[in-house]
Number of protein chains: 2
Amino acid sequence: MPGKYVCTNMDGGGMARPALTRDEVLDSAADLVKRHGPAALTMRGLAAELGTAVTSIYWHVGNRESLLDALVERTVADLGEIRPVGRTPARRIASVARALRRQLRDHPHLVAMVHERGLTERMFLPAQQALVREAHAAGLRGARAAEVVRAVQFLVVGHVLVERNRERAPAQRPGEQELWGARTADGDPALARTLAWPVDPEKVFTASVKALVAGLLEAAPETARGPGPS
Amino acid sequence: MPGKYVCTNMDGGGMARPALTRDEVLDSAADLVKRHGPAALTMRGLAAELGTAVTSIYWHVGNRESLLDALVERTVADLGEIRPVGRTPARRIASVARALRRQLRDHPHLVAMVHERGLTERMFLPAQQALVREAHAAGLRGARAAEVVRAVQFLVVGHVLVERNRERAPAQRPGEQELWGARTADGDPALARTLAWPVDPEKVFTASVKALVAGLLEAAPETARGPGPS
DNA sequence: ACCTGAACACCGTTCAAGT
DNA sequence: ACCTGAACACCGTTCAAGT
């Protein structure tokens, strides 16, 4: 789906390939990356997908690295808003964390690519500002508020990275089942049973976020509860 | 440093290269990976390092993938013990988290490689058992204890992955300094100042661990405080 | 049993040449 | 302005041939 393109060839149509566009290249590349990851994006494969010579791509985007740069820039610019929901600051912070996780999960390869290109701060700025407002609403200021912002950001990004790694390698070899017989569980069969089951990363995430936020707000002044400002 | 090798060539020494050993190959490969990451481990480069033909390596290790397999297996087997320290379960759990982080940081490329090979569970088993004992000491059992184990593990692994990404891309382009002028900070100059400074990942980590553990143990029964069993 | 070079199918990238 | 094929220097891997 190249969308619209400017037709610059003068032969009045016919079977000739319509002129190649930079946007067309980016669309095709984005599609490949989204489906199979950055490693699957080869210049030759991309050319084949587009039906052009490899070297034409170089004319439009320079080289593979700047192609990836442009891709990341475009994706970051297209990320949606982050809107906190919930009745207490704690819930609203947790909702920001969940929204952030969803954004990152929708672009599974984005985080690593963004980091590699030093765009992290720009990418997270909206979420950070939402978190700042909620930290203020919870009565935290200065360094304490910054702590909340960064702890939540690291937790979310870290979780997404871990989840991505887990999904790429679904078959665990010794298998948690064999490892967590009753013997290793310090005499707690219920725990052994839970740990022998495959992890539900979503549950771990929500539980972690809840615990982290609770811990971060624990010693906060009791003023300014309820829905935040703005 | 090939260490000891069995001399199987019959020419009685001289300038001929001593027989190539599987261990020698693994040592050299481990060195390359530790210094420059798995991507820098090329069969040709490794052969050059060892002073042999590329194809000799194939005789000893099969192919690149099984070479990496063997490498990971060896590294995982060589990981040290995890010994909790501290006077309360909360502190002891935090100490396990810190020890785990240190182990992973000492082998910067290990996590991803281990995950890709499905060895995660085997690798984390010792830390998990330590965490189980401490969760029990804190009065948590069953699913609640499992929650602690998994939340801590995800937090640590996630943090290490984030840190690794950050270290690979030190130069952030818009720069946190420009982004966090007083305007964006919701009228909190102290916070703006903190966020404009480069992050200290170690501080974020210790703060996050402390908050997470506090949140996880919050509603725990007040029995069984003080140093754990074992 | 162990090592070798030649060869194959892949990469990204450059360059001179076409229209 | 835009596209092309040929060529270069890299990959991992296989194979027949050496000792």
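Residues numbered from 1 in each chain as written. Chains lettered and ligands numbered in written order. Predicted model: local features only at pLDDT ≥ 70, side-chain atom pairs only at ≥ 80, totals over all residues. Heavy atoms only, no water.

## Notes on the protein's contact with DNA strand D
- In the vicinity of DNA strand D there are 18 residues, among which Thr55(A), Ser56(A), Trp59(A), His60(A) and Arg44(B) approach most closely.
- Counting only atoms of DNA strand D within 4 Å of the protein, the fraction found in sugar and phosphate groups is 48%.
- Between Thr55(A) and DNA strand D, the recorded distance is 3.2 Å, taken from a side-chain N or O atom to a base oxygen.
- Between DNA strand D and Arg64(B), the relevant distance is 2.9 Å, taken from a phosphate oxygen to a main-chain nitrogen or oxygen of the residue.
- Contributing elements (two or more residues each) for the surface near DNA strand D: α3 (54-61) of chain A together with α2 (43-50) and α3 (54-61) of chain B.
- Examining the composition of the surface near DNA strand D, we find that four residues originate from one element, α3(A), more than from any other.
- Grouping the amino acids of the surface near DNA strand D by side-chain chemistry returns eight nonpolar, seven polar and three charged. (Near = heavy atom within 4 Å. Polar contact = N/O pair within 3.5 Å; in protein donor to acceptor, adjacent residues only side chain to side chain. Helix = DSSP H or I, 4+ residues; strand = E, 2+ residues; numbered from the N terminus. Nonpolar A, V, L, I, M, F, W, Y, C, P; charged D, E, K, R; others polar.)

## Regarding the packing of aromatic side chains
- Enumeration over the complete set of coordinates arrives at zero aromatic pairs over all chains.
- A cation over a ring is seen here: Arg101(A) above Phe205(A), with NZ or CZ 5.0 Å from the ring centre. (Phe/Tyr/Trp six-rings, centres within 6.5 Å; stacked < 30°, edge-to-face > 60°. Lys NZ or Arg CZ within 6 Å of the ring centre and 35° of its normal.)

## So, the relation of the copies chain B and chain A
- Once chain B has been moved 0.0 Å along the axis and rotated by 180 degrees, it coincides with chain A to within an RMSD of 0.0 Å. The relationship between the two copies is best expressed as a two-fold rotation axis. Taking C-alpha positions as the reference, the residue of chain B nearest the rotation axis is Gly158(B), at 1.7 Å.
- When the interface residues of chain B are mapped onto chain A, 100% of them are again interface residues, pointing to one common binding face. (Least-squares fit on C-alpha atoms with pLDDT ≥ 70 in both. Contact = heavy atoms within 4.5 Å.)

## Things to note about the pattern of salt bridges
- This model, assessed by the stated rule, comprises 20 salt bridges over all chains.
- For Asp31(A), the salt bridge is made with Arg35(A), and the minimal N-O distance between the two is 2.4 Å. Placement of the pair is Asp31(A) and Arg35(A) together in helix α1 (residues 22-36), with a separation of four residues, close to one helical turn.
- Given the relative accessible area of 47%, Arg35(A) is considered partly exposed.
- Residues Asp27(B) and Arg74(B) are paired through a salt bridge, measuring 3.0 Å at the closest nitrogen-oxygen approach. Of this pair, Asp27(B) sits in helix α1 (residues 22-36) while Arg74(B) is found in helix α4 (residues 64-77), placing the two residues 47 residues apart along the sequence. (Salt bridge = Lys/Arg side-chain N within 4 Å of Asp/Glu carboxyl O. Buried < 20%, exposed > 50% of the residue type's maximum accessible area, 1.4 Å probe, protein only.)

## Comments concerning the interface of chain B and chain A
- The interface of chain B with chain A comprises 64 residues on the first partner and 64 residues on the second.
- Carbon and sulfur atoms supply 63% of the area buried between chain B and chain A, which totals about 5,700 Å² over both sides.
- Viewed at the interface, chain A and chain B are joined by twelve residue pairs in polar contact (both at pLDDT 80 or more).
- Looking at the side of chain B that touches chain A, the elements that each hand over two or more residues are α6 (110-116), α7 (120-137), α8 (142-168), α9 (176-179), α10 (189-196) and α11 (201-217) of chain B. (Buried area = accessible area lost by both parts, 1.4 Å probe.)

## Structural notes on a positive patch on the surface
- Judged by side-chain charge, Arg87(A), Arg91(A), Lys210(A) and Arg144(B) come together as a positively charged surface patch.
- With respect to the element layout, Lys210(A) can be found in helix α11 (residues 201-217). (Patch = residues over 30% accessible without salt bridge, like charges linked within 9 Å, V, L, I, M, F, W, Y side chains within 5 Å. Areas by Shrake-Rupley, 256 points an atom, 1.4 Å probe, with all protein chains shown as cover. Lys, Arg positive; Asp, Glu negative; His and termini not counted. Charge placed at Lys NZ, Arg CZ, Asp CG, Glu CD.)

## Observations regarding the confidence of the model for chain A
Residues and elements named next belong to chain A.
- Per-residue confidence for chain A gives a mean pLDDT of 85, with 83% of residues at or over 70.
- Across chain A, the element-wise mean pLDDT spans from 70 in helix α9 (residues 176-179) up to 97 in α3.
- Confidence over residues 1-14 falls short of pLDDT 50; this stretch has twelve contacts with residues more than four positions distant or in other chains. (pLDDT = per-residue confidence, 0-100.)

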